[in-house]
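Residue strings, one per chain:
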Amino acid sequence: LHHSICTLTGDAQYPSAHRAGRGAGMAEQSPVLEFAVAAASNMTSGALFNCFDVTRMRLQIQHGLGQPDKYTSMRHCLTTIAAEEGILGLWAPGLGAAIARELFYGGFQFGAYGPIKRLIGGDDTLGRKTAAACGCGAIGSLVGCPIDVIKVRLQCESGRVDPSTGKFATGLYIGKTPTYRHSVDAARKIFAAEGVAGFYRGVGPTVVRAVALTSGLLVSYDSFKQAVKERGLAEEGFGLHVAGGLISGLCAATTSAPFDLAKTRVQNDSIGQYRGMLHCLATTVRSEGPMAVYKGWFALYLRLGPSIVVQVPLIEFGRELVGCSAFGVVD
């Protein structure tokens, strides 16, 4: 068992400069550098995996549009969009807003974890990890909410526009004129129609979702690394980071899926169909069944799982390059 885990999580793959100082808990910590590394890593993964956000949005909102569901599964949604709209139809919708969102949300999500843990102090317990993760998720989601609303609106409404009519020929809004042309246009129109409050539509579900996701993600990743290292099964390394990313992605998707669905539906609701997160969840369960709150779970995991597997090694490597200790090490 020891040999198998060492093989999986072994001390390999990183450049020698990174291996030399990896896991050094006494490294000087800089909150600014921790934020910068986290933001850059999350922006990179957000751009790479934006296609899964596009499919997830369509799967989550289609049932509430008063028309038969167009997509039967995540795979069907992916292949249909690719066939009707091409690769750009999968990646381009809301891409700019998605990257900008990760600057703030992703930066705080991973970058504030160490500083908050140091602020809390005490032993490195599960409670300390959970409190720090909840704080990261809440702060990041509040700061990033306005951009998140823009991203959701653009991705939910996305589709190929027929140049002869100026109306959607594909997607969930076939025959309708696009409301927004791009991120700046969306920001201008949301402000004109809904005021500042429009940028914080669904802020409750957004914060709850972020707290659930970040807790599942960071607590599981930090705890997994700590348990493996304490048992002498592996040291800090690329394999350990990838294994931790796979596990934490699964945890994050499962803990946040119901709130992710509610967040998407409330943020995309410009007609007041839902009174809030709880009303949205209750309405969904009544009309679609209890398991409907996990609609889009696979798409969410495909968005989170690979993204986290990319994010985590980038963050760990970046932290070492700028002189910070391994993620989770604060003392």
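Here, the structure is the one placed above.
The text that follows walks through the structure, step by step, so that each part is easy to find. (Residues numbered from 1 in each chain as written. Predicted model: local features only at pLDDT ≥ 70, side-chain atom pairs only at ≥ 80, totals over all residues. Heavy atoms only, no water.)

Take empty space enclosed by the protein next. For the coordinates displayed, the defined rule picks out four cavities of 30 Å³ or more. Along its surface, the largest cavity is lined by 19 residues, and Arg101, Glu102, Tyr105, Arg303 and Leu304 are the ones closest to its centre. When contributions to the lining of the largest cavity are tallied by element, the ones reaching two or more residues are helix H4 (50–61), helix H6 (95–111), helix H8 (126–156), helix H10 (203–230) and helix H13 (297–321). Split into classes, the residues belonging to the lining of the largest cavity amount to six nonpolar, four polar and nine charged. Estimates place the volume of the second largest cavity at around 50 Å³. As for the second largest cavity, its lining consists of Arg101, Tyr105, Gly140, Ser141, Gly144, Cys145, Asp148, Thr206, Arg209, Ala210 and Lys263. At the level of elements, H6, H8 and H10 are the ones that each hand at least two residues to the lining of the second largest cavity. (1 Å grid on protein atoms, 1.4 Å probe; cavity = no way out; pocket = protein on both sides within 12 Å on 5 of 7 lines; lining within 4 Å. Points joined across faces, edges and corners; volume = space filled by probe spheres on them. Helix = DSSP H or I, 4+ residues; strand = E, 2+ residues; numbered from the N terminus. Nonpolar A, V, L, I, M, F, W, Y, C, P; charged D, E, K, R; others polar.)

For the largest pocket, the calculated volume is near 440 Å³. Taken together, 20 residues make up the lining of the largest pocket; nearest its centre are Leu65, Tyr173, Asn268, Asp269 and Ser270. Where the lining of the largest pocket is concerned, the elements lending two or more residues are H4 and H8. Classifying every residue of the lining of the largest pocket by side-chain character gives eight nonpolar, seven polar and five charged. Of the pockets and cavities examined, the second largest pocket occupies roughly 270 Å³. What lines the second largest pocket is a set of 19 residues, among which Pro93, Leu154, Ser158, Gly159 and Arg181 lie closest to the centre.

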